[in-house]
Amino acid sequence: MMPFASLQEAETAIGRSLTRAETLWFNYTANKSDYALYCHNIPLVFLLSTLPPLFYLVMELIFPTYVASYKLQPKIKFSLYDKFTCYLGVMKTLLLTAVPMLLASYPLMKMIGIRTSLPLPSSIEVISQLIIYFIIDDYANYWIHRLCHLKWMYENIHKVHHEYSAPMGFATLHAHWMDVILFGIPSFLGPALVPGHMITLFLWLSLREIESVENHSGYDFPWTLKKIIPFTAGVEYHDYHHCVGGQSHSNFAPVFTYCDYIYGTDKVLN
């Protein structure tokens, strides 16, 4: 909850006029507790598991010929029923796993110092923290992913996620409940080590999930992250990992490829 009773009090405490964004944030959060603000993560995670995959579905329905030319595994097709069934399964997993995990993690977020008050972070602060979060997430995610491909972990937990050898957007979070917990840890590790503003946290979780949906989309479109930042993993990189499935001992990196390169698990692409 804001420690300021009015906009004027906030401006006096900060020593300058509020920006338009800060005014909007003040008006929206003035009467909301920090816990209520943090709980915005819950509808956010449902939206991010719905809207980005829906984008690819709409593209398939409106521009079938165009998208077909960019599909990495064109022989494998999913009906609307297949996608809806997968989506319902993901929503169930989120409801039973992600929601309790988010609710339970609030004391930790409070303890490490995720702030909600004014001033809002500068663009440089947000961008620098997002870069740090991506690097930390990438490293931790890589090792958890490798762990999940050990025989027992794969057969009992991670195999569920690999039921889609040709991934699609709606299957991004199609996973065993333990998988959801394990791969959720790296997402919060960066903010825990380098705490920032709640808005930065929301932005980070949004970008990370959008990127993950893209990697599972099955389409290597010209605007994918790989085409913009060459040293990122990209859709084809992760699609191959799913295609190989349980036999895969490479392409574990989610965003960048430095871990696969350093530890010799990019040998398949090479």
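Refer to the structure above for everything that follows.
Residues numbered from 1 in each chain as written. Predicted model: local features only at pLDDT ≥ 70, side-chain atom pairs only at ≥ 80, totals over all residues. Heavy atoms only, no water.

Colleague: How would you explain the packing of aromatic side chains if you had to name every residue and give the values?
Modeller: Scanning all chains against the criterion turns up 19 aromatic pairs. An angle of 80 degrees between the planes, with centres 5.0 Å apart, marks the rings of Tyr 35 and Tyr 106 as edge-to-face. With Tyr 35 in helix H3 (residues 34–38) and Tyr 106 in helix H8 (residues 106–112), the pair connects residues that are 71 residues apart, well separated along the chain. Residue classification places Tyr 35 among the partly exposed residues on the basis of a relative accessible area of 37%. Relative accessible area serves as the criterion here: at 17%, Tyr 106 is assigned to the buried category. With 5.3 Å between their ring centres and 10 degrees between their planes, Tyr 219 and Phe 221 make a pair best called stacked. Of the two residues, Tyr 219 and Phe 221, neither departs from the other in class, the shared state being buried. (Phe/Tyr/Trp six-rings, centres within 6.5 Å; stacked < 30°, edge-to-face > 60°. Helix = DSSP H or I, 4+ residues; strand = E, 2+ residues; numbered from the N terminus. Buried < 20%, exposed > 50% of the residue type's maximum accessible area, 1.4 Å probe, protein only.)

Colleague: Give me the lowdown on the pattern of salt bridges, citing residues and values where you can.
Modeller: A side chain with one charge can pair with a side chain of the opposite charge if their charged atoms come near. The tally for this structure, following the rule as stated, stands at seven salt bridges. As a salt-bridge pair, Arg 208 and Asp 137 come within 2.7 Å of each other at their nearest N and O atoms. Of this pair, Arg 208 sits in helix H12 (residues 198–215) while Asp 137 sits in helix H9 (residues 123–148), and the two are 71 residues apart along the sequence. Note that Glu 211 and Arg 208 form a salt bridge whose closest N and O atoms lie 2.6 Å from each other. Residue Glu 211 and its partner Arg 208 are both found in helix H12; the two are separated by three residues, about one turn of the helix. Each of the two residues, Glu 211 as well as Arg 208, counts as buried. Connected via shared salt-bridge partners are Asp 137, Arg 208 and Glu 211. (Salt bridge = Lys/Arg side-chain N within 4 Å of Asp/Glu carboxyl O.)

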